[in-house]
Amino acid sequence: VNAVLLRPLKYPDPQELVLVSDMQPSSTETPADYAEYLDWRDQTQIFQHLAAHFNTTLTLTGHGDPQQLWGARMSANALPALGVNPILGRGFRQEDEVRSSERVALISYGFWQRQFAGDPKIVGQSITLDTFPFTVIGVLPHTFRALNPIDIQIGQERDVWIPLRLNAEIAPRGLHFLTVF
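Sequence order as written defines the numbering, with residues in each chain counted from 1. Totals for whole chains, interfaces and linings use all residues, but because this is a predicted model, local features are given only for residues with pLDDT of at least 70 and pairs of side-chain atoms are given and counted only at 80 or more. The side-chain figures draw on all heavy atoms in the structure; neither hydrogens nor water molecules are used.

**Here's the deal with the pattern of salt bridges**
Any carboxyl oxygen of Asp or Glu that lies within 4 Å of a side-chain nitrogen of Lys or Arg is treated as forming a salt bridge with it. Scanning all chains against the criterion turns up four salt bridges. Arg41 is the partner of Asp42 in a salt bridge, and the nearest nitrogen-oxygen pair spans 3.0 Å. Asp42 gets classed as exposed once you look at its relative accessible area, which sits at 54%. The residue Asp159 makes a salt bridge to Arg114 at a minimum N-O spacing of 2.7 Å. Of this pair, Asp159 sits in the loop between α5 (149-154) and β8 (160-163) while Arg114 sits in helix α4 (residues 109-116), placing them 45 residues apart in sequence. Whether a residue is buried, partly exposed or exposed follows from its accessible area with a 1.4 Å probe, protein chains only, as a fraction of its type maximum: under 20%, in between, or over 50%, in that order. Secondary structure elements follow DSSP: runs of H or I no shorter than four residues count as helices, runs of E no shorter than two count as strands, and numbering proceeds from the N terminus.

Next comes the structure, spelled out in structure tokens:
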């Protein structure tokens, strides 16, 4: 009731967004595994988009003291599914999800302001997350703060988003951790 009637989600056409869950015998609702997400994405014709994400933490180094950041990994089609565009730079492309591709990141508006003083030259710059260099490809709007419904409810903001970059070896069938929408 709160999300639909009192405070709708800040996306175009929020009434068209749905969460897609797996049903396992041991529970009523389970996050999807990566293989299920790929199957659903590639085989369904019901949805205009099918996107996935999961929350994570990342450690930023090289900009003062190390900082633990709230982050998320998301599929390249997540922002288009939500009708969200970066205010600077670009969003993820399908090729960004390939494990051998250059590591890229999107940063939140709040993190951009706090850490980089709103410098528009951050796009194209490198930041180090969990000891790996990532190129900042865009800054998300200040209204885009989280994808996970619980994060939205409690007001938890994410600082950085990176592509899923998964495969069957590191995310095997049966490992349920993805939120799909």
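**Thoughts on the packing of aromatic side chains**
The relative placement of two aromatic rings is captured by the distance of their centres and the angle of their planes. Any Phe, Tyr or Trp ring, taking Trp's six-membered ring, that has another such ring centre within 6.5 Å forms a pair; planes under 30 degrees apart are called stacked, those over 60 apart edge-to-face, and the others tilted. Scanning the entire structure with this criterion turns up five aromatic pairs. Considering the side-chain rings of Tyr34 and Tyr37, the 6.4 Å spacing of their centres and the 40° angle between planes classify their relative orientation as tilted. Of this pair, Tyr34 and Tyr37 both sit in helix α2 (residues 34-43), three residues apart, roughly one helical turn. Each of the two residues, Tyr34 as well as Tyr37, counts as buried. Taken together, a centroid distance of 5.6 Å and an interplanar angle of 90° make the contact between Phe111 and Phe116 edge-to-face. Residue Phe111 shares its accessibility class with Phe116, and that shared class is buried. Taking NZ or CZ as reference, Arg103 lies 4.0 Å from the ring centre of Phe132, over its face. In this scheme, the term charge over a ring applies when either NZ of a lysine or CZ of an arginine sits within 6 Å of the ring centre and within 35 degrees of the ring normal.

**Some thoughts on unusual backbone geometry**
Of note in the backbone geometry, Ala117 takes a positive phi value of approximately 50° without being a glycine. Locating Ala117 in the fold gives a position in the loop between α4 and β6 (126-129). Residue class for Ala117 comes out exposed when judged on its relative accessible area of 68%. The residue Arg165 is not glycine, and still its phi comes out positive at about 50°.

**Here's the deal with the environment of Asn167**
Within the secondary structure layout, Asn167 lies in the loop between β8 and β9 (176-180). Separated by 133 residues in the primary sequence, Asn167 and Tyr34 place their C-alpha atoms 7.8 Å from one another. With residues up to four places along the chain from it excluded, the contact list for Asn167 reads Tyr34 and Arg99. In protein, a polar contact means a hydrogen-donor-capable atom and an acceptor-capable atom, both N or O and within 3.5 Å, with residues adjacent in sequence counting only if both atoms are side-chain atoms; elsewhere, any N or O pair within 3.5 Å suffices. Looking at Asn167, its side chain comes within polar contact range of the main-chain nitrogen of Ile170, at 3.0 Å. Contacts are assigned to residue pairs that have any heavy atoms within 4.5 Å of one another.

**A look at α4**
Residues of α4 that are buried: Phe111, Trp112 and Phe116. For α4, the angular spread of the buried residues around the axis is 100°, confining them to a single face. Residues of α4 that are buried in the fold lie against β2 (52-61), β3 (67-74), β4 (88-89), β5 (104-107), β6 and β7 (132-139). Two residues or fewer past α4, Ala117 is found with a positive phi of approximately 50°. This arc is taken over the directions from the axis of the helix to the C-beta atoms.

**Concerning the side chain of Thr135**
Turning to its location among the elements, Thr135 is positioned in strand β7. Take Thr135: its relative accessible area is 18%, and that puts it in the buried class. At 2.5 Å, the side chain of Thr135 and the side chain of Glu102 are in polar contact.

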